[in-house]
Amino acid sequence: SLFSQEIDTTDIFEVNKQSYLVLKPEIEKRINSKIQPIIKERLEKYKTEKRKEAGEYFSEKDFQEDFKFANDTIRINEFLNEYENSYSMATTTMGMNWKAGKYLDEYDKLLNEYYKKAQSVLTLEMQKKLTESQKKWLSYYENEKNFVYSLNDFGNHNSSLYCWGYYIEMIE
């Protein structure tokens with residue numbers, strides 16, 4: 001049928017050893033190759049603007065940390081934008097679900113990385129406070145995800161997309 005979403009996923013996806021749907025390595029390589037000049041341009045612009053904005057208030061170490069965060073987030077966003085704009089599979093429910101899941105997975109890795117960095121520079125007392133705060137936030141996040149998912153499950157195959165959008169807003 002004209003409106004069917006029966007698209008051959010084997011063109012760009014494969015299933016890994018953990019039974020997760022992942023992009024084929026050659027697709028990932030193609031996307032990364034295509035976005036490299038875009039990332040470079042955006043980072044140069046960011047670097048110039050940040051240096052003007054921050055002036056003497058940022059140490060070189062702080063600037064490098066900020067730049068690394070910008071690089072990480074730009075890389076994730078450009079990768080997923082290129083995926084969405086280059087592959088028709090990305091417009092299917094499955095493709096959109098994969099993108100949202102990938103977005104959350106990548107940002108979760110960043111959250112964990114920066115949490116560890118914060119823990120490494122804080123005093124013991126502040127580490128305990130951060131850990132307690134993080135536990136409370138994670139509990140809230142999990143409870144909120146479960147609640148929102150239960151509200152949006154109306155038998156509509158797109159309900160998961162509504163949930164993904166809300167989860168992404170909470171992470172951001």
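Refer to the structure above for everything that follows.
Residues numbered from 1 in each chain as written. Predicted model: local features only at pLDDT ≥ 70, side-chain atom pairs only at ≥ 80, totals over all residues. Heavy atoms only, no water.

Secondary structure summary: the chain contains 5 helices and 2 strands in total. Along the chain, helices and strands appear, N-terminal first, in the series β-β-α-α-α-α-α. Within the chain, the fraction of its 172 residues that count as buried is 30%. Within the chain, contacts between residues separated by at least 24 positions form 58% of all contacts whose residues are at least 6 apart in sequence. For the chain, the accessible surface area stands at approximately 11900 Å², while carbon and sulfur atoms represent 54% of it. (Helix = DSSP H or I, 4+ residues; strand = E, 2+ residues; numbered from the N terminus. Buried < 20%, exposed > 50% of the residue type's maximum accessible area, 1.4 Å probe, protein only. Contact = heavy atoms within 4.5 Å. Areas by Shrake-Rupley, 256 points an atom, 1.4 Å probe, with all protein chains shown as cover.)

On to the layout of surface pockets. Counted as a void, the largest pocket has a volume near 410 Å³. As for the largest pocket, its lining consists of 19 residues, of which Gly-101, Lys-102, Leu-104, Asp-105 and Glu-106 are closest to the centre. Ranked by residue count, the leading element in the lining of the largest pocket is helix α3 (residues 93–121), at 8 residues. (1 Å grid on protein atoms, 1.4 Å probe; cavity = no way out; pocket = protein on both sides within 12 Å on 5 of 7 lines; lining within 4 Å. Points joined across faces, edges and corners; volume = space filled by probe spheres on them.)

Looking now at the pattern of salt bridges. The tally for this structure, following the rule as stated, stands at 15 salt bridges. Close ionic contact of Lys-47 with Glu-44 constitutes a salt bridge, the shortest N to O distance being 3.8 Å. One end of the pair is Lys-47 and the other is Glu-44, both in helix α1 (residues 25–54) and 3 residues apart, which spans about a single turn. On the accessibility criterion, Glu-44 (40% relative accessible area) is partly exposed. Its salt-bridge partner being Glu-53, residue Lys-50 comes within 3.4 Å of it at the nearest N-O pair. One end of the pair, Lys-50, and the other, Glu-53, are both in helix α1, 3 residues apart, so they sit about a helical turn from each other. (Salt bridge = Lys/Arg side-chain N within 4 Å of Asp/Glu carboxyl O.)

Judged by nonpolar contacts, the single largest core of 32 residues is most densely connected at Ile-12, Phe-13, Leu-23, Ile-31, Phe-79, Tyr-83 and Trp-98. Counting only elements with at least two residues in this core, the list comes to α1, α2 (60–86), α3, α4 (124–152) and α5 (159–171). Setting aside chain neighbours within four positions, we find Trp-98 in contact with Phe-13, Leu-21, Val-22, Leu-23, Phe-79, Leu-80 and Tyr-83. (Core = buried A, V, L, I, M, F, W, Y, C linked by side-chain atoms within 4.5 Å.)

With respect to the helices and strands, Asp-72 occurs in helix α2. Its relative accessible area of 8% is what places Asp-72 among the buried residues. Among the polar contacts made by the side chain of Asp-72, one reaches the side chain of Tyr-114 at a distance of 3.3 Å. Apart from the residues lying within four places of it in its own chain, the contact partners of Asp-72 are Leu-110, Glu-113 and Tyr-114. (Polar contact = N/O pair within 3.5 Å; in protein donor to acceptor, adjacent residues only side chain to side chain.)

Below, the discussion takes up the packing of aromatic side chains. Inspection of the entire model under this criterion finds 7 aromatic pairs. An aromatic cluster is present here, built from Phe-13, Tyr-83 and Trp-98 joined pairwise through their rings. Against the face of Phe-67 rests Lys-47, its NZ or CZ located 5.0 Å from the ring centre. Sitting above the plane of the Phe-63 ring, Arg-51 keeps its charged end 3.7 Å from the centroid. (Phe/Tyr/Trp six-rings, centres within 6.5 Å; stacked < 30°, edge-to-face > 60°. Lys NZ or Arg CZ within 6 Å of the ring centre and 35° of its normal.)

So, on to the packing of α2 against α3. Where α2 meets α3, the axes come as close as 10 Å, and the angle between the chain directions of the two elements is 170 degrees. The pairing of α2 with α3 is recorded here as roughly antiparallel in orientation. Residue composition of the contact of α2 with α3, by class: 10 nonpolar, 4 polar and 10 charged. (Axes fitted to C-alpha atoms, helices over the stretch in contact; angles between N-to-C directions. Parallel < 35°, antiparallel > 145°, perpendicular 65-115°, else oblique. Nonpolar A, V, L, I, M, F, W, Y, C, P; charged D, E, K, R; others polar.)

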